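Next come the chains, spelled out residue by residue.
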Amino acid sequence: MNEPNKIQNPESAVPKTPEMNDRDFINDILSYEKYMTDSYSVALNEASHEALYRDLLAVFNETQKMQRELYNIMFKKGWYALEAADAPKMQQTYQQFLNYMNQFPHQGPAQ
């Protein structure tokens with residue numbers, strides 16, 4: 001059954017067996033890449049040595065790029081679905097963001 005707010009490509013078939021299939025492998029790697037980008041982000045915040053920071057940033061960017069490529073593969077194959085946000089929900093979230101912005105010490109949107 002196709003849900004009206006669901007955005008998804010037709011799902012590519014994978015074998016329904018106890019062994020891992022392509023979807024399982026890609027999903028496992030994607031989860032690991034997400035974990036790694038979170039970890040590198042923490043390391044970047046903590047790095048005090050400039051050369052180390054630049055090296056970590058390069059690795060972080062490559063890891064983030066790979067994570068995005070894996071997501072794109074899963075979405076293209078119909079293994080990753082998104083939920084479409086309706087206009088009122090988006091407006092509510094935007095208004096909430098603007099209210100948070102008013103609490104910042106600077107005036108106006110972030111530059």
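In the block above lies the structure referred to throughout.
In this text, all values refer to a predicted model and were calculated from it rather than measured experimentally. (Residues numbered from 1 in each chain as written. Predicted model: local features only at pLDDT ≥ 70, side-chain atom pairs only at ≥ 80, totals over all residues. Heavy atoms only, no water.)

### With respect to the overall build of the chain
- Within the chain one finds three helices and two strands.
- Moving toward the C terminus, one meets the helices and strands of the chain in the order β-α-α-β-α.
- At 19 Å, the chain has a C-alpha radius of gyration far larger than the 13 Å of a compact globule built from 111 residues.
- Summarising its shape, the C-alpha atoms of the chain cover approximately 55 × 45 × 20 Å along the three principal directions.
- Per-residue burial for the chain yields a buried fraction of 18% across its 111 residues.
- By sequence separation, contacts in the chain at least 24 residues apart represent 67% of the contacts at least 6 residues apart.
- Counting only carbon and sulfur atoms, one obtains 54% of the accessible surface of the chain, whose full area is about 9,100 Å².
- For the chain, the distance from the average site of its 10 positive side-chain charges to the average site of its 15 negative ones is 6 Å. (Helix = DSSP H or I, 4+ residues; strand = E, 2+ residues; numbered from the N terminus. Rg over C-alpha atoms; globule rule 2.2 N^0.38 Å. Buried < 20%, exposed > 50% of the residue type's maximum accessible area, 1.4 Å probe, protein only. Contact = heavy atoms within 4.5 Å. Areas by Shrake-Rupley, 256 points an atom, 1.4 Å probe, with all protein chains shown as cover. Lys, Arg positive; Asp, Glu negative; His and termini not counted. Charge placed at Lys NZ, Arg CZ, Asp CG, Glu CD.)

### Notes on helix α2 (residues 50-76)
- Counted at 1.5 Å a residue, the expected span for α2 with its 27 residues is 39 Å, and the 39 Å between its end C-alpha atoms agrees.
- All buried positions along α2 are accounted for by Leu 56, Phe 60, Thr 63, Gln 67, Leu 70, Tyr 71, Met 74 and Phe 75.
- Looking at the buried side of α2, the elements it contacts are β1 (6-7), α1 (22-46) and β2 (82-83).
- Taken from the residues just after α2, Gly 78 is the one with a positive phi, measuring 80°. (Expected span 1.5 Å × (residues − 1).)

### Considerations on the pattern of salt bridges
- Applying the stated criterion across every chain yields a total of two salt bridges.
- Between Glu 11 and Arg 23 there is a salt bridge; the shortest N-O distance is 3.0 Å. A residue pair is termed long-range when its members are at least 10 positions apart, and Glu 11 in the loop between β1 and α1 and Arg 23 in helix α1 qualify at 12 residues.
- A relative accessible area of 44% means that Glu 11 is categorised as partly exposed.
- Among the ionic pairs, Arg 54 bridges to Glu 50, the shortest N-O distance being 3.7 Å. (Salt bridge = Lys/Arg side-chain N within 4 Å of Asp/Glu carboxyl O.)

### Structural notes on the packing of aromatic side chains
- Counted under the stated rule, the structure contains three aromatic pairs.
- With a centroid separation of 6.5 Å and 35° between ring planes, the pair formed by Tyr 32 and Tyr 35 is classed as tilted. Placement of the pair is Tyr 32 and Tyr 35 together in helix α1, with a separation of three residues, close to one helical turn.
- According to the relative accessible area criterion, Tyr 35 is exposed, its value standing at 53%.
- Between Tyr 71 and Phe 75 the ring centres are 6.0 Å apart and the planes differ by 20°, which places this aromatic pair in the stacked class. Of this pair, Tyr 71 and Phe 75 both sit in helix α2, four residues apart, which is roughly one turn of the helix. (Phe/Tyr/Trp six-rings, centres within 6.5 Å; stacked < 30°, edge-to-face > 60°.)

### Things to note about the side chain of Asn 21
- With respect to the helices and strands, the residue Asn 21 is situated in the loop between β1 and α1.
- Taking the relative accessible area as the measure of exposure, Asn 21 reaches 10% and is therefore buried.
- Once you skip the residues sitting within four places of it in the chain, Asn 21 turns out to touch Val 14 and Pro 15.

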